[in-house]
Amino acid sequence: MSCLFCQIVNGTIPSKAVYQDDQCYAFADITPQAPVHVLVVPREHIASLTDAEKSHHDLLGHLLGVAAEIARTHALSKGYRVVINSGPDGGQSVDHLHVHLLGGRKLTWPPG
Ligand code: AMP
Ligand code: ZN
């Protein structure tokens with residue numbers, strides 16, 4: 001199995017855990033782009049948002065809810081950003097669906 005995030009989910013590759021449940025695992029990004037930069041990934045391998053099917057819609061909602069809960073526990077009361085990069089033009093570099101939670105500084109818009 002060659003997927004980086006599958007290996008992080010199953011513990012083959014170490015990571016700094018932030019949250020976990022039966023559907024997802026959240027961990028610190030190795031190259032943080034903000035004081036808080038957490039990735040929330042489904043335990044199931046789904047390559048990208050484009051590859052998510054109707055049967056995954058509840059799971060997608062769960063990932064967002066978990067991101068919001070992590071933001072609450074990290075005291076991001078001034079706001080934060082949730083990002084899903086999808087495909088080459090979207091800037092996706094790891095082909096296992098993941099939600100970025102970024103916060104702890106003023107974020108600019110538009111993104112690059
Ligand atoms: P994306 O570019 O949207 O596919 O995001 C992939 C993210 O995974 C990047 O922000 C990387 O810094 C992060 N990343 C890559 N390898 C690791 C790792 N071993 N542990 C934690 N985060 C990682
Ligand atoms: Zn995977």
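Small disclaimer: the values here were computed from a predicted structure and weren't measured. (Residues numbered from 1 in each chain as written. Chains lettered and ligands numbered in written order. Predicted model: local features only at pLDDT ≥ 70, side-chain atom pairs only at ≥ 80, totals over all residues. Heavy atoms only, no water.)

### Examining the site of ligand 1
At step 1: Contacts to ligand 1 come from 16 residues, most closely from Asp29, Asn85, Ser93, His98 and His100.
At step 2: At 3.0 Å from an oxygen atom of ligand 1 is found a main-chain nitrogen or oxygen belonging to Val94.
At step 3: The contact in question runs from an oxygen atom of ligand 1 to an N or O atom on the side chain of His100, over 2.8 Å.
At step 4: Look at ligand 1: alone it shows 510 Å² of surface, and the protein chains cover 83% of it.
At step 5: Among the elements of the structure, α1 (4-9) and β2 (24-28) are those that each provide at least two residues to the shell around ligand 1.
At step 6: A total of three residues in the shell around ligand 1 trace back to one element, the largest contributor, which is α1.
At step 7: Looking at the shell around ligand 1, its residues break down into eight nonpolar, seven polar and one charged. (Near = heavy atom within 4 Å. Polar contact = N/O pair within 3.5 Å; in protein donor to acceptor, adjacent residues only side chain to side chain. Areas by Shrake-Rupley, 256 points an atom, 1.4 Å probe, with all protein chains shown as cover. Helix = DSSP H or I, 4+ residues; strand = E, 2+ residues; numbered from the N terminus. Nonpolar A, V, L, I, M, F, W, Y, C, P; charged D, E, K, R; others polar.)

### Structural notes on the packing of aromatic side chains
At step 1: Enumeration according to the criterion identifies two aromatic pairs in this entry.
At step 2: Note on Phe5 and Phe27: the rings are 5.4 Å apart at their centroids and 80 degrees apart in plane angle, and the pair reads as edge-to-face. Of this pair, Phe5 sits in helix α1 while Phe27 sits in strand β2, and the two are 22 residues apart along the sequence.
At step 3: On the basis of relative accessibility, which here comes to 3%, the residue Phe27 falls in the buried class.
At step 4: A centroid spacing of 5.6 Å and a plane angle of 20 degrees characterise the contact between Tyr25 and Phe27, whose relative ring orientation is stacked. Phe27 shares its class with Tyr25; the two are buried.
At step 5: Pairwise contacts between aromatic rings join Phe5, Tyr25 and Phe27 into one cluster. (Phe/Tyr/Trp six-rings, centres within 6.5 Å; stacked < 30°, edge-to-face > 60°. Buried < 20%, exposed > 50% of the residue type's maximum accessible area, 1.4 Å probe, protein only.)

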